[in-house]
Amino acid sequence: MSPDLTVSIEELAVSGRDAGPYGITAGPDGALWFTMVHHGEIGRMTPGGELTSYRLDPASCGPTVITSGPDGALWFTEYRSHRIGRITTAGEIGSFALPSPDAGPFGIAAGADGALWFTETNAGRIGRITTGGEITEFPLPVPGAYPSAIAAGPDDGLWFTMNQADAIGRIGLGGDVSVHPLPTAGAAPVGITAGADGAMWFVEIGAGQIGRITPDGRIDEFPLPDRGARPHAIAVDGHGDCWFTEWGANRVGRITLGGRIDGYGLPTPASEPHGIAAGPDGTLWVALEIGALARLTPSGPR
């Protein structure tokens, strides 16, 4: 644990243990919005702890990753029903079927073009959906790559992890795709985010490492102290540090731009931390699959 940064952690129950809080994001209304993958619900929690949930149809749709859209609504992937969902801050819900059958949409992010971009794990494609529901799909040049998380980069491209190809991909707004193989075999990258340094930062769940890739494709890897930690999702805070969930170690980690790594254990054993997002007032929020959200409040010098 970092000697110069203390982190208080509070767990807030949001569902039963079988609901599976999974993805989480900060909404335009100042609340945290999250998916409950096993119960087919979208949850909303204010920083003060007020909880609301919205049932999706069907309940088996498998809402997974969620993000704020350019239209002031929240957009999310429905992994099991192969649709893209949308919910307004007032709770109005809609969804859009994908052209590719059994596509398995997972990651989703807003692009610089005012559309939402998402990954299709099973179909090996990157999708684009306008706020009006018009969908375009772009095939990847690597078969069986299993594209997973996706994030907008500072270069207006969308960067995504290719979990089964051990690579990072980039797609331009015009649909051009480039692939950057990782140095480590079996890296199996998942989460990715835009860093404060103009690079993209990602987690390697298979290798127990944090990765960094610059817009020109230069890659650095930072091994975790616990290589079996199974890092899953990653987000950047207002100080430029990246925070990530360690699904296999029941921790939340932090890596500075200089590569220093610290870890913070979660209070409840085997809480299965998945999604992570920066919240209001310098807090970090983590979706725990056991049925809770964890609020992390760092304090002290950086």
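Counting restarts for each chain: residues are numbered from 1 in the order of the written sequence. In keeping with the predicted nature of the model, local features appear solely for residues at pLDDT of at least 70, side-chain atom pairs appear and are counted solely at 80 or more, and the whole-chain, interface and lining totals rest on all residues. Values shown for side chains rest on all heavy atoms present in the structure; no hydrogens or waters enter the calculation.

With an unreviewed UniProt entry as reference, the protein chain is termed Virginiamycin B lyase, source organism Streptosporangium canum. The annotation that UniProt attaches to the protein chain under Cofactor (unreviewed entry) is "Mg(2+)". Here the protein chain is described in UniProt, under the heading Subunit (unreviewed entry), as follows: "Monomer." UniProt positions are given in the numbering used here, feature names are shortened, and annotations may be inferred rather than shown by experiment.

**A word on the sheet that holds strand β27 (residues 284-288)**
Pairing between strands is defined by DSSP: at least two bridges between them are needed. The secondary structure listing takes helices from DSSP runs of H or I that are at least 4 residues long and strands from runs of E that are at least 2 residues long, numbered from the N terminus. Spatial strand order, β1-β28-β27-β26: four strands in an open sheet with antiparallel pairing. The open sheet terminates on both sides in strands that have one partner only, identified here as β1 (6-13) and β26 (273-278). Neighbour to neighbour, the strand axes of the sheet diverge by 25 degrees on average, direction disregarded. Angles shown run from 0 to 180 degrees and are taken between the N-to-C directions of axes, each axis being a line fitted to C-alpha atoms and, for helices, limited to the stretch in contact.

**Section: the pairing of strand β5 (residues 51-55)**
Looking at chain direction, strand β4 (residues 41-45) and β5 are connected through five bridges and run antiparallel. Residue pairing for β5: Ile42 is matched across the bridge by Tyr54. The turn joining β4 and β5, which pair antiparallel and follow one another in sequence, is formed by five residues; a positive phi near 100 degrees is taken by Gly49.

**Some words on the pattern of salt bridges**
Here a salt bridge means any side-chain nitrogen of Lys or Arg lying within 4 Å of a carboxyl oxygen belonging to Asp or Glu. Summed over all chains, the structure comprises 14 salt bridges. Between Arg86 and Asp71 there is a salt bridge, and its shortest N-O distance comes to 2.9 Å. One end of the pair, Arg86, is in strand β8 (residues 83-87); the other, Asp71, is in the loop between β6 (63-68) and β7 (74-78), with 15 residues separating them in the sequence. In this structure Arg86 comes out as partly exposed when scored by relative accessible area, which is 24%. Under the scheme applied here, a residue whose accessible area is under 20% of the maximum for its type counts as buried, over 50% as exposed, and between as partly exposed, the area being computed with a 1.4 Å probe on protein chains only.

**Focus: the sheet that holds strand β2 (residues 21-26)**
Taken in spatial order, the four strands make up an open sheet running β2-β3-β4-β5, and their pairing is antiparallel. Taken across any chain shown, the strands that pair with only one partner, and hence form the sheet edges, are β2 and β5. If you compare each strand with its neighbour and ignore which way they point, the axes differ by 20 degrees on average. Pairing of strand β3 (residues 32-36) with β4, which is carried by five bridges, proceeds in the antiparallel orientation. Looking at the pairing, Phe34 lines up with Gly43 of β4.

**So, the environment of Leu257**
Note that Leu257 resides in the loop between β24 (251-255) and β25 (261-265). Take Leu257: its relative accessible area is 41%, and that puts it in the partly exposed class. Residues Leu257 and Cys242 lie 15 residues apart in sequence; the distance between their C-alpha atoms is 7.9 Å.

**A closer look at the nonpolar core**
In this text, buried Ala, Val, Leu, Ile, Met, Phe, Trp, Tyr and Cys residues form a nonpolar core when linked through side-chain atoms within 4.5 Å. In terms of nonpolar packing, the biggest core is built from 16 residues, with Trp243, Val252, Ile276, Val286, Leu288 and Leu296 touching the most fellow members. Going through the elements one at a time, β22 (231-236), β27 and β28 (292-299) are the ones with two or more residues in this core. Each residue touching Ile276, except ones within four places of it in the same chain, is listed here: Ile24, Ala233, Ile234, Ala235, Trp243, Phe244, Thr245, Val252, Trp285 and Val286. Counting residues in hydrophobic clusters, the runner-up holds 15 residues, among them Ile205, Ala229, Ile255 and Ile261. Any two residues whose heavy atoms approach within 4.5 Å at even a single point are treated as in contact.

**Description of the UniProt feature "active site" (unreviewed entry) in the protein chain**
The positions UniProt marks with the feature "active site" (unreviewed entry) are His274. You can see His274 is positioned in strand β26. Of the residues examined, His274 reaches a relative accessible area of 5% and is grouped as buried. In this view, His274 contacts Tyr22, His232, Ala233, Thr245, Trp247, Val286, Ala287 and Glu289; residues no more than four positions away in its chain are not counted.

**Some points on the UniProt feature "binding site: substrate" (unreviewed entry) in the protein chain**
In the numbering used here, UniProt assigns the "binding site: substrate" (unreviewed entry) feature to His232. Among the secondary structure elements, His232 is positioned in strand β22. What makes His232 buried here is its relative accessible area of 9%. Contact partners of His232, with chain neighbours within four places excluded, come to Tyr22, Val190, Gly191, Val203, Ile205, Thr245, Trp247 and His274. Think of a polar contact as two N or O atoms within 3.5 Å of one another; within protein, one of them needs to be a possible hydrogen donor and the other a possible acceptor, and neighboring residues in sequence only count if both atoms come from side chains. Among the polar contacts listed, one links the side chain of His232 to the side chain of Tyr22, at a separation of 3.1 Å.

**Some remarks on the side chain of Thr46**
With respect to the helices, strands and loops of the structure, Thr46 is situated in the loop between β4 and β5. Thr46 sits in the buried class, given a relative accessible area of 16%. Once residues within four sequence positions are removed from consideration, Thr46 is found in contact with Ala31 and Trp285.

**Remarks on the packing of aromatic side chains**
To pair, rings of Phe, Tyr and Trp, with the six-membered ring standing in for Trp, must have centres within 6.5 Å; the planes then decide the type, stacked if under 30 degrees apart, edge-to-face if over 60, and tilted in the middle. Taken as a whole and judged by the stated rule, the model has six aromatic pairs. Taken together, a centroid distance of 5.9 Å and an interplanar angle of 10 degrees make the contact between Trp75 and Phe96 stacked. You can see Trp75 sitting in strand β7 and its partner Phe96 sitting in strand β9 (residues 93-97), a full 21 residues away along the chain. You can call Trp75 buried: its relative accessible area is 0%. With a relative accessible area of 23%, Phe96 lands in the partly exposed category.

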